[in-house]
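Structural overview
Each chain is listed here by its residues.
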Protein chains: 4
Amino acid sequence: MSGSVLGNIFKISTWGESHGFGVGVVIDGVPAGLELNEEDIQIFLDRRKPGTSKFTTKRKENDLVKIMSGVFDGKTTGTPISLMVVNEDHHSKDYSEISSYYRPGHADYTFDEKYGFRDYRGGGRSSGRETIGRVAAGAIAVKILKELGIIINAYTSSIGPVSIDKSNFDMNQAKENALYMPDREAFIKAEKYLEKCIKEKNSSGGSIECIIKGLPSGVGEPCFDKLNAVLAHSICSIGAVKGFEIGDGIEASKNTGLNNNDSYYYNEKGVICKNTNHSGGITGGISEGFDIKFKAYIKPTPSIAASQNTINKSKENIQINIKGRHDPVIVPRAVVVVEAMSAITVLDMLLLSMTNQIENIKRFFTK
Amino acid sequence: MSGSVLGNIFKISTWGESHGFGVGVVIDGVPAGLELNEEDIQIFLDRRKPGTSKFTTKRKENDLVKIMSGVFDGKTTGTPISLMVVNEDHHSKDYSEISSYYRPGHADYTFDEKYGFRDYRGGGRSSGRETIGRVAAGAIAVKILKELGIIINAYTSSIGPVSIDKSNFDMNQAKENALYMPDREAFIKAEKYLEKCIKEKNSSGGSIECIIKGLPSGVGEPCFDKLNAVLAHSICSIGAVKGFEIGDGIEASKNTGLNNNDSYYYNEKGVICKNTNHSGGITGGISEGFDIKFKAYIKPTPSIAASQNTINKSKENIQINIKGRHDPVIVPRAVVVVEAMSAITVLDMLLLSMTNQIENIKRFFTK
Amino acid sequence: MSGSVLGNIFKISTWGESHGFGVGVVIDGVPAGLELNEEDIQIFLDRRKPGTSKFTTKRKENDLVKIMSGVFDGKTTGTPISLMVVNEDHHSKDYSEISSYYRPGHADYTFDEKYGFRDYRGGGRSSGRETIGRVAAGAIAVKILKELGIIINAYTSSIGPVSIDKSNFDMNQAKENALYMPDREAFIKAEKYLEKCIKEKNSSGGSIECIIKGLPSGVGEPCFDKLNAVLAHSICSIGAVKGFEIGDGIEASKNTGLNNNDSYYYNEKGVICKNTNHSGGITGGISEGFDIKFKAYIKPTPSIAASQNTINKSKENIQINIKGRHDPVIVPRAVVVVEAMSAITVLDMLLLSMTNQIENIKRFFTK
Amino acid sequence: MSGSVLGNIFKISTWGESHGFGVGVVIDGVPAGLELNEEDIQIFLDRRKPGTSKFTTKRKENDLVKIMSGVFDGKTTGTPISLMVVNEDHHSKDYSEISSYYRPGHADYTFDEKYGFRDYRGGGRSSGRETIGRVAAGAIAVKILKELGIIINAYTSSIGPVSIDKSNFDMNQAKENALYMPDREAFIKAEKYLEKCIKEKNSSGGSIECIIKGLPSGVGEPCFDKLNAVLAHSICSIGAVKGFEIGDGIEASKNTGLNNNDSYYYNEKGVICKNTNHSGGITGGISEGFDIKFKAYIKPTPSIAASQNTINKSKENIQINIKGRHDPVIVPRAVVVVEAMSAITVLDMLLLSMTNQIENIKRFFTK
């Protein structure tokens with residue numbers, strides 16, 4: 001089906017497996033006239049690349065993106081933009097053994113059930129390399145949003161049981177540490193926790209928080225394509241994401257109306273403000289014009305070296321030890337994926353909002 | 001845009017405002033040959049109706065559904081099914097005051113920002129009555145799924161700070177109490193909590209858990225229409241839902257791989273089983289063939305009688321007390337909405353899975 | 001599937017059978033702030049109504065439309081607009097006989113093959129009454145386009161072998177005669193031809209030409225949603241349409257490049273003009289800014305009183321004479337359907353074109 | 001927008017310009033388990049390649065396709081298939097002149113109007129090379145349809161004023177002559193006609209007829225996605241197509257009901273037959289189970305060496321002579337494009353028909 005196509009106006013089609021020729025994406029609906037080159041996209045891809053810290057896989061990939069269409073004289077033409085990254089480093093022999101069994105927590109079993117068989121090398125289509133297409137497309141969406149004054153910023157908010165403390169919040173810290181945590185103390189604790197995990201041949205989960213600034217009010221299409229709903233869809237489609245909340249989320253469910261309602265007020269300059277943001281910037285599924293705030297919860301990396309029970313294709317119960325290369329934690333690398341997916345979705349919804357009022361449409365066509 | 005259309009094959013279009021002529025839905029893609037009558041749908045609508053307990057609004061509506069097309073001789077014809085419920089009880093005067101200001105926590109402000117103005121009576125399109133179309137369509141989806149051995153069951157898992165205790169789980173209890181909680185002790189505590197809320201002119205949030213039994217493996221379309229992602233979209237589109245988690249969700253993010261991975265094994269009859277269900281029945285975005293388990297987190301009802309600060313359309317800061325009829329908690333009424341949306345989405349994805357393998361397609365067309 | 005949903009931004013869902021409760025449409029994506037009432041829509045429905053001339057069916061229907069949602073204080077709210085027309089005059093007994101056999105040229109057989117059975121009364125979903133939903137939605141699209149200076153005008157260009165002569169073209173004539181032909185001489189010939197058909201218990205086909213004035217350049221989304229392609233889809237979805245051509249169409253295929261290319265030139269006022277319009281106003285699938293011109297070819301009405309061979313459900317070869325009410329020609333009634341479908345499609349594509357250039361998007365969000 | 005994405009289940013996204021890095025397509029929804037290799041696709045691409053006859057452009061391209069994803073161990077995996085053809089032969093200098101003016105009959109002007117500017121080299125996205133992605137995807141659709149006993153065959157039915165004579169019909173002839181006409185006499189006349197065109201620095205149009213055999217009944221989704229409507233969309237999206245007709249098409253509009261209705265009858269073996277096929281195999285928008293027959297009308301190639309009037313970007317009226325390489329007729333090369341688009345559309349609609357009846361769905365899931 002269309003499982004690999006997302007969007008209404010800004011529409012992306014991703015392709016590629018871990019050990020195939022390459023991975024990529026075709027983006028349709030990119031407005032013409034935007035300055036764009038490979039560097040704009042490479043910056044984002046470099047943030048997800050493996051091998052950049054002691055906590056990420058040692059796989060050596062440059063992941064260099066190539067723009068194959070849709071750009072002329074340094075500007076987008078409005079025609080589909082095809083981006084590709086060639087797979088350089090794939091050790092088939094690392095994964096040949098797993099063709100016969102199903103790794104716990106991975107999509108091996110479910111892909112076999114769905115399709116009858118699967119490309120078992122390195123996770124095939126369910127591999128983390130599938131996020132390259134997302135991030136590449138997201139880089140373009142981010143650039144367009146920036147032109148419109150909309151900024152997206154995500155960071156690691158927790159690793160396992162270690163959460164950041166908002167009173168220590170410092171984005172510069174995030175950019176300097178390998179876990180992308182904007183709280184140095186939390187980072188140090190999390191580092192220790194992960195070293196323990198590695199020693200135990202185990203792995204950790206975590207969470208990512210994302211803030212979107214500058215989004216105008218009125219974005220989101222009730223009642224099914226509410227902004228929080230399409231963001232939930234987009235973010236939950238990222239591998240390993242097991243939970244999504246907007247604003248206070250789970251905490252809101254335990255609270256009362258008086259404590260949860262945000263109150264608007266006019267400040268002395270006549271600008272609408274609010275003192276709290278329990279809603280996360282979205283009410284009735286439509287953006288309010290204040291910061292959008294949401295969180296994604298990520299399960300622990302399933303590939304661990306410790307012994308695990310599972311089954312093989314000969315219907316036997318066996319024990320396995322996963323060898324090869326695997327991340328003890330993927331959360332830091334998923335931060336840019338969360339930014340990318342938010343950008344893609346927010347841009348698509350922003351473009352849809354242009355047709356909400358007849359007066360805006362009339363003004364648009366009266367030049 | 002298509003904010004009010006949802007689905008790929010089983011496609012629903014809802015319409016209607018709180019105080020307009022009525023509310024309804026058109027469902028396209030209903031397979032032909034299914035026995036269907038108003039009663040099949042009315043059962044579900046009655047579960048969401050206001051005025052059925054002391055904790056729900058006193059609005060008197062029969063909410064009788066009428067099938068206007070798509071059924072002949074008691075069976076679905078395969079053509080679009082149009083369902084309508086006429087609005088009987090709408091006291092415009094109850095809401096006339098609010099045309100001038102924006103109620104905190106409601107979509108008044110965001111609808112005005114999006115469309116330039118709004119039908120301010122009773123919440124208009126953002127009213128809970130919009131869920132009638134969803135539930136009516138969901139009733140049909142539930143019936144089809146039942147024919148395929150797939151059962152959906154949801155219940156209140158928490159009200160405010162009061163959660164059910166799984167060791168006391170009893171679904172019969174849920175059907176007997178007004179909060180639809182399958183744990184009598186928790187219900188009693190929650191009842192007390194709500195009486196306190198009402199006394200304080202306040203409201204409460206809560207959460208709903210949903211279990212889907214009997215779904216075959218292989219359902220879900222990576223990488224964007226993963227089953228957990230489309231469920232997140234569907235559930236988060238329900239008003240007041242602020243969080244969604246699949247399986248262990250938030251707990252998974254704090255856990256380790258060894259504790260979170262589910263291990264498959266063959267029992268003595270050669271059937272695939274697993275001892276844990278941390279995944280919630282979905283891995284790699286595809287159903288495993290085990291129970292699907294997810295949770296929706298709902299914010300407190302925004303309409304409270306207590307005094308609140310807000311703004312009016314003349315750019316003034318004012319104080320208001322919301323009069324009229326409102327639920328202190330909506331969670332029990334949202335349970336059937338969660339079942340409905342799950343059914344609609346799961347059915348759509350199940351139908352999409354029919355085309356995954358060439359062998360199945362060939363067998364289908366060889367009669 | 002989504003066979004009954006059409007559009008990207010301006011999206012319509014039609015429903016209803018010939019002998020069910022009623023027929024209607026839900027329109028999503030109507031911009032807010034447009035003045036709208038039942039009269040705006042009724043004008044269009046009256047043009048398709050049966051019983052208005054000696055050449056159209058004697059069925060007595062008022063076909064009064066009701067707006068059930070999406071309009072408040074006389075203006076569209078931006079929420080879905082649900083329109084309904086109740087079926088008043090349906091003589092089930094007129095059609096009871098046909099439940100056992102398949103009328104030639106009708107969809108009886110194909111609906112049975114597709115769905116296993118069908119609502120055999122009066123054509124069910126394949127009845128011409130299905131066009132009520134299209135025309136009602138089209139009326140709204142026409143109104144919006146008018147606000148933007150875009151006018152759509154269609155007329156009968158031929159009945160059977162009788163074609164209009166462009167040198168006699170007079171739109172006032174069309175509005176005065178029952179065949180809606182803008183050439184009085186052609187009308188007189190066609191009238192005679194139809195009287196002969198009726199006498200012979202036969203029927204006639206014909207063609208409809210449509211001109212769209214005032215559409216800006218740049219509308220149409222290559223390479224699949226080219227404007228001529230989406231128009232072809234839209235128009236060919238109308239029952240009985242068997243051919244579609246844009247501009248010179250079939251004649252172009254017989255011509256040479258030198259004769260078929262339109263040349264642009266600047267007139268003395270510096271405005272772009274062209275002396276010919278072989279292209280029909282669309283090149284490369286995108287509107288040029290000149291008149292759009294296309295034609296729809298319609299087969300003869302299948303219901304004729306003359307004897308015909310066919311089969312029945314008991315696998316027998318039989319002869320039938322169709323009784324009851326039927327049009328000897330449907331072309332004049334289809335003119336408003338062609339206008340409606342053009343409007344719906346052109347509006348949808350016009351709205352999509354708003355996001356083609358980054359400069360336009362930036363200007364839109366800078367207020 | 002989504003102008004470059006087509007389909008519901010079998011969904012294709014094309015990309016690429018005439019003088020960019022390459023052209024290609026991503027196909028989502030290909031069922032898993034189909035044997036597939038580059039040769040399956042190359043056969044089709046070779047039929048559209050330039051430089052294969054005296055009537056086609058002398059551009060030297062091998063147009064070798066590469067499968068970059070979605071195939072493992074020689075079989076489709078069910079994941080997106082990305083296909084690419086690198087552009088080898090692009091003489092930018094041939095086209096540099098045209099950056100300053102608009103060629104008559106080409107999309108130069110409309111692309112500039114839509115996007116603000118264009119890649120003027122060789123037609124950019126509006127170039128015929130865009131059909132490579134279509135044909136590559138079509139090759140896969142054709143292969144799947146073949147497995148289901150469905151065969152698509154198209155051929156040139158006319159060049160300019162020269163039409164084939166059905167009584168001389170011989171498909172072997174078509175495969176042997178450069179114009180792909182299944183009538184040797186017509187081919188000889190057409191050849192003479194084209195030589196005259198070339199001498200006059202002119203070009204010709206023509207038409208293509210297509211027959212689809214073996215399609216089961218019940219395919220097509222009324223009322224908007226009728227099979228003839230989606231085919232019209234698909235075929236009319238091919239560059240230079242200006243008309244589409246199904247069955248008798250234009251001739252039907254001049255005929256009477258008695259002559260146009262096809263009558264079904266049971267032959268002595270109890271099989272449903274019909275003696276005529278005026279409908280072209282589709283009634284009520286749904287396939288009957290008989291041959292589908294349609295025609296596409298193609299305008300003359302706009303690029304001619306003869307002098308033409310036009311305008312340039314400095315708002316001047318000028319005269320031009322188009323140099324460089326261009327086809328005097330494109331119809332023979334478009335035959336495989338018509339087959340490809342039919343296959344893509346018919347397959348998509350066939351897959352959609354699998355969910356029409358509840359009994360079929362129940363049987364599917366009962367293994």
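These figures come from a predicted structure and were not determined experimentally. (Residues numbered from 1 in each chain as written. Chains lettered and ligands numbered in written order. Predicted model: local features only at pLDDT ≥ 70, side-chain atom pairs only at ≥ 80, totals over all residues. Heavy atoms only, no water.)

1. Thoughts on the overall build of chain A
Quick note on the threshold: Only DSSP runs of H or I reaching four residues or more are called helices, and only runs of E reaching two or more are called strands; each is numbered from the N terminus. Note that the radius of gyration is over C-alpha atoms, with the globule rule given as 2.2 Å times the number of residues to the power 0.38. The buried label goes to any residue with under 20% of its type's maximum accessible area, the exposed label to any with over 50%, and the partly exposed label to all in between, with areas taken from a 1.4 Å probe on protein chains only. Here a residue-residue contact requires only that any non-hydrogen atoms of the pair lie within 4.5 Å. Every accessible area reported is derived by Shrake-Rupley at a probe size of 1.4 Å, with residue values counting cover from the shown protein chains alone.
Each helix and strand in chain A was counted, giving 11 helices and 18 strands. Over its C-alpha trace chain A gives a radius of gyration of 22 Å, about what one expects of a compact globule, namely 21 Å for 367 residues. Taken along its principal axes, the extent of the C-alpha atoms in chain A is 65 × 50 × 40 Å. Across the 367 residues of chain A, 69% fall into the buried class. The contacts in chain A between residues at least 6 apart in sequence include a share of 68% that link residues at least 24 apart. For chain A, the accessible area works out to roughly 11800 Å², and carbon and sulfur atoms hold 48% of it.

2. Here we look at the UniProt feature "binding site: NADP(+)" (unreviewed entry) in chain A
Residues and elements named next belong to chain A. Convention followed: UniProt positions are given in the numbering used here, feature names are shortened, and annotations may be inferred rather than shown by experiment. Here a polar contact is recorded for every N or O atom pair within 3.5 Å, except that within protein the pair must consist of a potential hydrogen donor and a potential acceptor, and residues adjacent in sequence are included only if both atoms are side-chain atoms.
In the UniProt entry, the feature "binding site: NADP(+)" (unreviewed entry) is given for Arg48 and Lys54. Relative to the assigned elements, Arg48 resides in helix H1 (residues 38-48). Apart from residues no more than four positions distant in its own chain, Arg48 is found in contact with Asp63, Gly128, Arg129, Thr131, Ile132, Val135, Arg333 and Val336. Reaching out from Arg48, the side chain makes a polar contact with the side chain of Thr131 at a distance of 2.8 Å.

3. Side note on the interface of chain A and chain C
Selection criterion: Here, a salt bridge means any Lys or Arg side-chain nitrogen found within 4 Å of an Asp or Glu carboxyl oxygen.
Contact with chain A, which involves 24 residues of that partner, is made by 24 residues of chain C. Applying the counting criterion to the chain A and chain C interface returns two salt bridges. For the salt bridge of Glu147 of chain A with Lys362 of chain C, the shortest nitrogen-to-oxygen distance reads 2.7 Å. The tally of links between chain A and chain C comes to six residue pairs in polar contact (both at pLDDT 80 or more). Among the secondary structure elements, those contributing two or more residues to the side of chain A that touches chain C are helix H4 (131-147), helix H10 (331-352) and helix H11 (358-364) of chain A.

4. Focus: the interface of chain B and chain A
Note the following rule: Buried area: the accessible area, evaluated with a 1.4 Å probe, that two parts lose upon being put together, summed over both parts.
Across the boundary between the two partners, chain B contributes 101 residues, which contact 101 residues of chain A. With both sides pooled, the region where chain B packs onto chain A buries about 8100 Å², and carbon together with sulfur makes up 58% of that total. Looking only at chain B, the three residues that lose the most surface to chain A are Lys114, Phe224 and Lys242 of chain B, adding up to 11% of its buried area. For the pair chain B and chain A, the interface holds two salt bridges. Its salt-bridge partner being Glu221 of chain A, residue Lys114 of chain B comes within 2.9 Å of it at the nearest N-O pair. There are 57 residue pairs in polar contact (both at pLDDT 80 or more) connecting chain B and chain A.

5. As for helix H1 (residues 38-48) of chain D
Residue and element names in this part refer to chain D. Among all positions of H1, only Asp40, Ile41, Gln42, Phe44, Leu45 and Arg48 are buried. Considering only its buried residues, H1 is in contact with strand S4 (65-67), strand S7 (81-86), helix H4 (131-147) and helix H10 (331-352). Taking the backbone nitrogen of Glu39 as reference, a side-chain oxygen 3.0 Å away marks Asn37 as the first, capping residue of H1.

6. Structural notes on the relation of the copies chain B and chain A
Two copies of a chain can be linked by a rotation about an axis combined with a shift along that same axis. For the record, the criterion: The copies are overlaid by a least-squares fit using only the C-alpha atoms of residues whose pLDDT is at least 70 in both copies.
Note on the copies: chain B fits chain A at an RMSD of 0.0 Å, the axial shift is 0.0 Å, and the rotation between them is 180 degrees. Such values leave the two copies arranged in the relation of a two-fold axis. Mapped onto chain A, 100% of the interface residues of chain B are again interface residues, and the two copies thus contact each other with one and the same surface.

7. Here's the deal with the pattern of salt bridges
Two side chains carrying opposite charge are able to pair once their charged atoms lie near each other. Inspection of the entire model under this criterion finds 80 salt bridges over all chains. Asp327 of chain B is the partner of Arg333 of chain B in a salt bridge, and the nearest nitrogen-oxygen pair spans 2.9 Å. Salt-bridge contacts for Arg134 of chain D lead to Glu130 of chain D; the nearest nitrogen and oxygen are separated by 2.5 Å. Look at Glu130 of chain D and you get buried, because its relative accessible area is 7%.

8. Focus on the pairing of strand S17 (residues 308-311) of chain C
Two faces belong to every sheet, and in a regular strand the side chains alternate between them. As a reminder of what qualifies: DSSP-based pairing: two strands are paired if at least 2 bridges between them are found.
Relative to strand S18 (residues 317-320) of chain C, S17 of chain C runs antiparallel, the two sharing four bridges. Looking at S18 of chain C, one finds that Gln308 of chain C is bridged to Ile320 of chain C.

9. Digging into the relation of the copies chain A and chain C
Once chain A has been moved 0.0 Å along the axis and rotated by 180 degrees, it coincides with chain C to within an RMSD of 0.0 Å. Both copies contact each other with a shared surface, as 100% of the interface residues of chain A are interface residues in chain C too.

10. A few points about the UniProt feature "binding site: FMN" (unreviewed entry) in chain A
Mapped onto this numbering, the UniProt entry gives "binding site: FMN" (unreviewed entry) at Arg125, Ser126, Ser127, Gly284, Lys299, Pro300, Thr301, Pro302, Ser303 and Arg325 of chain A. Topologically, Gly284 of chain A is positioned in the loop between strand S14 (282-283) and strand S15 (286-287). Those residues in contact with Gly284 of chain A that lie beyond four places of it in its chain are Pro222 and Lys226 of chain A together with Ala107 and Phe111 of chain B. Along the polypeptide, Pro300 of chain A turns up in the loop between strand S16 (292-298) and strand S17 (308-311).

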